[in-house]
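Commentary on secondary and tertiary structure
Each chain, written out:
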Amino acid sequence: LAEVSCNREQLAAPDRSTRHIEVALPDGVSYAAGDHLGVVGGNPDEVVFAYMDRLGLARDAVVRIELEEGSSSSTVPLGRNVAAYAVLAYHFELQQLASRAQLYALSKLACEPAEAEHLRTLADFGRDNSGEVQGGSPDAFERYVLQSRRTLLEVLQEHPSVEVSAGAVLGMLPPMKPRYYSISSSPKHSPGVATVSVSVVQGTSPTGRRHLGLCSNYLKAQACQKSFPPSVMPSLPGGPSGKGMPLFTFVKDTGSSFRLPQSDVPVIMVGPGTGVAPMRGFIQDRVADGRRENVLFFGCRDESDYLFKDELQAWEADGSLKLFVAFSRKEGTPKTYVQHLVEQKKALMVELVMKGAHVYVCGDASKMAPDVKATVARLLSEAGHGEDCVDRMAAEGRYCEDVWAAQSF
């Protein structure tokens, strides 16, 4: 269990949110710059309640789950009474897309023949049972589920004749998984406290379903110690602990080369958006050690989402950081991305790499990271260091990436 000691908004944009969150670590828990903070969040109340309504469970219902020993690897509490709300909120993924296996199981429980047939059609893998698209066009499952981003709950709501028990649905749902955030601090700067930058995910699916990022919205709500819904615990909104809904966190060593070098060599960092998070931790670490050859390429839309602006500019002013900022949507400024700035600073890049610099890239895996890597590779090749220079650096642990895929609703 963890407590949030600071939770503040970082953006000045009314339609978007990125939270700076400081988590007080329990005694004996430590971390290093570059580690991740694992967080087990809770499903949005509206999604939990929609499941409870479909399953005929009262808001304050209590359930007891029994399974054969060794038949489950999830964290579901077994053999004791527990609030149905808590089981759905904390122990199962409720917003993932429906699977063919789930649809097939539901087809056996539909009382209306037309609904049963529809569910069987959706679950069908096709004549060759390969699951591949037949004839280059999407099959019924791909149209209904994948393209429309339908969840199991939506399928249940759209097939009202399906008579399914709460236990059967729990057996179909995948267990809750932790989400990981790059720690944006250094223990040399804030021992006992790990900070993260969380982009709050909200959107609308093709079916009109409101999608709320599970963990990001849960963390945002921790700004005021999220209470249990009154309909769940009318007499104890703060829960048994009195501190609201619990926040479970742990430190995860990434087990990768995304670590600062032990020697005093230059460091080049590329981190647009919340990709700046681990770079902030790296800079804090380096400044604490008196290491001043630090370069950061940061990217954002405009001044409204310029994360850690005051801190970054302060480090730049005292000579601890060379800072280059790319604005992609700033009025009166040409659209610029971090890879463009990297190219503009070709001479500096080549000079520092030849001095043994380590390069760190954090952020979007689909476009930004490949574009930055291609740019760096081209610059070094043009400088006469070989087309495989970046590959050699990666093999030596000198070109490191901490990237993730963009979330779809």
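Structure: above.
Anyway, here's the lowdown on the structure attached to this text. Remember, predicted model here, so these are calculated numbers, not experimental data.

Section: the environment of lysine 309
Its place among the elements puts lysine 309 in helix H10 (residues 309-317). The partly exposed category is assigned to lysine 309, whose relative accessible area is 28%. Residues lysine 309 and glutamine 10, 299 residues apart in the sequence, show an inter-C-alpha distance of 9.9 Å.

Notes on helix H4 (residues 113-123)
By the burial criterion, the buried members of H4 are Glu115, Ala116, Leu119, Leu122 and Ala123. For H4, the arc enclosing every buried residue in end-on projection is 125°, short of the 170-degree limit, so these residues lie on one face. Exposed and oriented more than 90 degrees from the buried face of H4 are Pro113 and Ala114.

Description of the nonpolar core
Among the nonpolar cores identified, the biggest contains 63 residues, and Tyr51 and Leu103 are the most heavily contacted of them. For tyrosine 51, the residues in contact, after removing those within four places along its chain, are Leu88, Leu94, Leu152, Leu153, Leu156, Val169 and Leu173. Of all hydrophobic cores here, the second largest spans 28 residues; its members include Ile268, Leu341, Val350 and Val353.

What to know about the sheet that holds strand S3 (residues 36-40)
An order of S6-S3-S10 is seen for the three strands of this open sheet, with the pairing classed as antiparallel. Across the chains shown, the open sheet's two edge strands, defined by having one partner strand only, are strand S6 (179-182) and strand S10 (248-252). Adjacent strand axes in the sheet meet at a mean angle of 30°, parallel and antiparallel pairs treated alike. In the sheet, S3 pairs with S10 via five bridges, with the strands oriented antiparallel. Within S10, the position partnered with glycine 38 by the bridge is phenylalanine 250. Its contacts with the sheet put helix H8 (residues 214-221) on S3 and S6, and the angle it makes with S6 is roughly 65°.

Quick word on the packing of helix H12 (residues 346-354) against helix H13 (residues 368-382)
Between H12 and H13, the shortest axis-to-axis distance is 10 Å and the interhelical angle comes to 80°. Looking at the two axes, H12 sits roughly perpendicular to H13. Along its contact with H12, which presents Lys346, Met349, Val350 and Val353, the element H13 presents Val376, Leu379, Leu380 and Glu382. A per-class count over the contact of H12 with H13 returns six nonpolar, no polar and two charged.

Focus on the sheet that holds strand S12 (residues 294-300)
Strand order in the open sheet formed by five strands is S13-S12-S11-S14-S15, with parallel pairing between adjacent strands. Sheet topology places strand S13 (322-327) and strand S15 (399-404) at the edges, where each strand pairs with a single neighbour. When strand polarity is set aside, the average angle formed by the axes of neighbouring strands in this sheet is 10°. As judged from the four bridges shared by strand S11 (residues 267-270) and strand S14 (residues 358-364), these two strands associate in the parallel manner. Within S14, the residue paired with isoleucine 268 across the bridge is valine 359.

Observations concerning the packing of helix H9 (residues 277-288) against H10
Running from amino to carboxyl end, H9 crosses H10 at an angle of 35°, the nearest separation of the two axes being 12 Å. Seen along the crossing, H9 lies across H10 with a hand that is left-handed. The segment H9 lies against H10, with Arg280, Ile283, Gln284 and Val287 engaging Glu311, Leu312 and Trp315. Its residues assigned to classes, the contact of H9 with H10 shows four nonpolar, one polar and two charged.

Here we look at the packing of aromatic side chains
One pass over the full model with this rule turns up ten aromatic pairs. Ring geometry for phenylalanine 49 and tyrosine 85: centres 5.8 Å apart, planes at 40°, overall tilted. With phenylalanine 49 in helix H1 (residues 45-55) and tyrosine 85 in helix H2 (residues 84-91), this residue pair connects regions lying 36 residues apart in the sequence. As far as burial versus exposure is concerned, phenylalanine 49 and tyrosine 85 are alike and both buried. Ring-pair connections join several aromatic residues into one group, and the members of that group are Tyr90, Tyr218 and Phe248. Taking NZ or CZ as reference, lysine 330 lies 4.4 Å from the ring centre of phenylalanine 327, over its face.

Analysis parameters
- Residues numbered from 1 in each chain as written.
- Predicted model: local features only at pLDDT ≥ 70, side-chain atom pairs only at ≥ 80, totals over all residues.
- Heavy atoms only, no water.
- Helix = DSSP H or I, 4+ residues; strand = E, 2+ residues; numbered from the N terminus.
- Buried < 20%, exposed > 50% of the residue type's maximum accessible area, 1.4 Å probe, protein only.
- Arc of directions from axis to C-beta.
- Core = buried A, V, L, I, M, F, W, Y, C linked by side-chain atoms within 4.5 Å.
- Contact = heavy atoms within 4.5 Å.
- Pairing = 2+ DSSP bridges.
- Axes fitted to C-alpha atoms, helices over the stretch in contact; angles between N-to-C directions.
- Parallel < 35°, antiparallel > 145°, perpendicular 65-115°, else oblique.
- Nonpolar A, V, L, I, M, F, W, Y, C, P; charged D, E, K, R; others polar.
- Left-handed = near helix turned anticlockwise from the far one by under 90°.
- Phe/Tyr/Trp six-rings, centres within 6.5 Å; stacked < 30°, edge-to-face > 60°.
- Lys NZ or Arg CZ within 6 Å of the ring centre and 35° of its normal.

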